[in-house]
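# Fold and contact review
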Amino acid sequence: MRSDKAASKSKKRGSVSAAYLSLLSSRGVDVIFGNAGTDFSPLIEAYAELEQQGSPVPLPITVTHENLAVTMAHGYGMISRRIPAVMVHVSVGTANLVCGAMNAARENVGILLTAGRTPLTEGGRLGARDGYIHWAQEMYDQAGMLREIVKWDYELRSADQLETVVDRAVSIAASEPRGPVYLSLPREVLAEDGPAAISPTPRVAPTPAGAPDPASLEAAARLLVGAKRPLIVTCNAGRLPSGLAAVAAFAERHAVPVIQHKPRYLSLATSHSMYLGTEPKRLVPEADLIIALECDVPWMPVQAVPREGARIIHAGMDPLHTGIPIRGYASDVTLAGDPALILDGLSAALGAPSAAIVAARRKWVEGHRRALEKEVAAVRKAAATSSPIHAAWASHCISEAKDRDAIVVNEYTLMLDHAQFEEPDCYYGSSAASGLGWGAGAALGAKLAAPERQVIAVLGDGAFLFANPLAVHHAAALHELPVLLIVMNNSMWAAVHHFTRAMYPEGAASKSNRQVFTHLDKLPPFEDVCRAAGGYGERVERPEDLPAAIARCLQVMKKENRHALLNVICRA
Ligand SMILES: Cc1ncc(C[n+]2csc(CCOP(=O)(O)OP(=O)(O)O)c2C)c(N)n1
Ligand SMILES: [Mg+2]
């Protein structure tokens, strides 16, 4: 093994790290959520150098857990539609970010995930192994931990390829359908002299969402033209900026009702006359034509199936959802492309709709909408006085209290049927992958991307604990991100309890007073933890106290520029 001393004196200015940071900045990557280790030394040095020079760099955001770093990046990316970066510590940091990466991948959020790579050399080069950990942290295939999740992965091997690698990484993450990519950065390569020159603008343009095939559009239009009971089920048509308006226009013109099943992105204003809630089972058995639009699970086969002879169209960026190993929904016509282009193309192919058909459909939809409104009102009325607090009442109160353009991040408990969302980019649901611990970080990242907007996260107590609450409070205080965390606290993993009951209705666990692995007794007072961390905290137990408590939290956030937590003691 050779001594490192000579190598450590080599030229630092103009390193690969400095060029890398400048490149990211020039490619629109304006923030790095970082959780550091020994692999960061060249980057930390480069930040200091570039700062002295007054050169633009991505905003460094320190985050004390990797899963939180990814969830913050997720929130930042979903609001800004830019590509944020995450940098974590080698193999171990990568291990901690896998869950967050899976959530982002399933929801098509583009993120440049990066990690250091344990120094490759045992001496003789700047950056070579100089810590005990540098042996055991090395892995044969560090990226293997998330290769199935990311769209692309690579390891930076030399200064010469830096620009190519960065442009490739960022453009693939930003290409539709978007998703995270992963780049590992060996310490010695980061410390090398940088490339002679870099192009000031990106050399690779990302692929935008495409237009659907005209012949398939014609085939879909032929199915739709005479349908008496057509239905759109969507989860994510509203992810792109054009989505919500396109769904609204199409639904209105052709009188097609829309159900948003487990939406992660709002695809239709809740007041729209064609909005029919969140439960596919309400209309799937009646529909003669179903368009599953950006929708991984258009209905749950155990709850409802389409009627005999119903025709099915799957439409969206990846309409057969090729990232899901098995998925057996029939598809008579499959339309690949941007959801707005699909709907606009379908409208053009259909031409002017028949007034009689549209009137009949409208009548059918109106009947269902009235029934839905009645049900919602009845549930809300009972919920308003229910103690412990009912999620429907909490959802209604949150909806009433929020700004019209507030960003609401929902990890489990907000009931969309009891809330109003009129604008695009205001409602975000937890990923289809449902890796818990997403919502609090996503809210913080959203606030960083849109500091002028009110941001509210609605979280189960379980979901909040998965988010690493102390790291969440710390990030909120450190980066001055005044968000409201509403923790729906039933001291349970109620979902686990309910699924066990549903699977074994007559089983021993259902008959017992207490199922194992479902109760979360002795939870700390979340509001006190928030206060101790510099935020504002309240606990609320009575339904009648909820509106004022929410209002006080929102007020403190606004006036004192600090985050708040409302611990809502609610029903299991
Ligand atoms: C990372 C991760 N671990 C475990 C689960 C399994 N899981 C699904 S729902 C749930 C309980 C959620 O509890 P909470 O947020 O309190 O909501 P509640 O069910 O009580 O309404 C769990 C543990 C998961 N989805 N993700
Ligand atoms: Mg719970």
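Residues numbered from 1 in each chain as written. Chains lettered and ligands numbered in written order. Predicted model: local features only at pLDDT ≥ 70, side-chain atom pairs only at ≥ 80, totals over all residues. Heavy atoms only, no water.

### Examining the overall build of the protein chain
Counting its regular elements, the protein chain contains 20 helices and 17 strands. Taking 2.2 N^0.38 as the reference for a compact globule, 572 residues should give roughly 25 Å; the C-alpha atoms of the protein chain span a radius of gyration of 25 Å, in line with that estimate. Overall, the C-alpha framework of the protein chain stretches about 85 × 60 × 50 Å when taken along its three principal axes. Restricting the contact set of the protein chain to residue pairs at least 6 apart, pairs at least 24 apart contribute 75%. Total accessible area on the protein chain is roughly 23,900 Å²; 56% of this is exposed by carbon and sulfur atoms. (Helix = DSSP H or I, 4+ residues; strand = E, 2+ residues; numbered from the N terminus. Rg over C-alpha atoms; globule rule 2.2 N^0.38 Å. Contact = heavy atoms within 4.5 Å. Areas by Shrake-Rupley, 256 points an atom, 1.4 Å probe, with all protein chains shown as cover.)

### Here's the deal with the packing of helix H10 (residues 243–254) against helix H11 (residues 339–350)
Contact pair H10 / H11: the axes reach a minimum separation of 9 Å and the direction vectors enclose 25°. Taken together, the axes of H10 and H11 are roughly parallel relative to one another. The two elements H10 and H11 cross, and the hand of that crossing is left-handed. Two secondary-structure elements touch here, H10 through Ala 246, Val 247, Phe 250, Arg 253 and His 254 and H11 through Ala 340, Leu 343, Asp 344, Leu 346, Ser 347 and Leu 350. Taken together, the residues of the contact of H10 with H11 break down into seven nonpolar, two polar and two charged. (Axes fitted to C-alpha atoms, helices over the stretch in contact; angles between N-to-C directions. Parallel < 35°, antiparallel > 145°, perpendicular 65-115°, else oblique. Left-handed = near helix turned anticlockwise from the far one by under 90°. Nonpolar A, V, L, I, M, F, W, Y, C, P; charged D, E, K, R; others polar.)

### Some details on the packing of helix H12 (residues 355–384) against helix H13 (residues 391–401)
For the pair H12 and H13, the least separation of the axes is 8 Å and the interaxial angle reads 100°. By the criterion of interaxial angle, the relationship of H12 to H13 is roughly perpendicular. Contacts between H12 and H13 involve Val 379, Arg 380, Ala 383 and Ala 384 from the first element and Ala 392, Trp 393 and His 396 from the second. Split by residue class, the contact of H12 with H13 holds five nonpolar, one polar and one charged.

### Side note on the site of ligand 1
Inspection of the region around ligand 1 gives 15 residues, with Ser 434, Asp 461, Gly 462, Ala 463 and Ala 495 positioned closest. Asn 490 places a polar side-chain atom, nitrogen or oxygen, 3.0 Å from an oxygen atom of ligand 1. Here Ala 495 contributes a backbone N or O atom positioned 2.7 Å from an oxygen atom of ligand 1. Protein coverage of the free-state accessible area of ligand 1, which is 580 Å², stands at 75%. At the level of elements, helix H15 (461–466) and helix H17 (494–503) are the ones that each hand at least two residues to the shell around ligand 1. No other element matches H15, which puts four residues into the shell around ligand 1. (Near = heavy atom within 4 Å. Polar contact = N/O pair within 3.5 Å; in protein donor to acceptor, adjacent residues only side chain to side chain.)

### Notes on the nonpolar core
Core analysis: the largest hydrophobic core is formed by 86 residues, its most contacted members being Ile 291, Phe 421, Leu 484, Leu 546, Leu 566 and Val 568. It is helix H20 (residues 546–560) that provides the largest number of residues to this core, a total of seven residues. Residues in contact with Ile 291, not counting those within four places in the same chain, are Leu 224, Leu 231, Ile 232, Val 233, Ile 313, Ala 315 and Leu 346. Core analysis: the second largest hydrophobic core is formed by 57 residues, Leu 68, Ile 111, Val 150 and Val 487 among them. (Core = buried A, V, L, I, M, F, W, Y, C linked by side-chain atoms within 4.5 Å. Buried < 20%, exposed > 50% of the residue type's maximum accessible area, 1.4 Å probe, protein only.)

### Points about a nonpolar patch on the surface
Residues Phe 466, Trp 493 and Val 496 make up a contiguous nonpolar surface patch of roughly 260 Å² in combined accessible area. Looking at where Phe 466 falls in the secondary structure, it is placed in helix H15. (Patch = residues over 30% accessible without salt bridge, like charges linked within 9 Å, V, L, I, M, F, W, Y side chains within 5 Å. Salt bridge = Lys/Arg side-chain N within 4 Å of Asp/Glu carboxyl O.)

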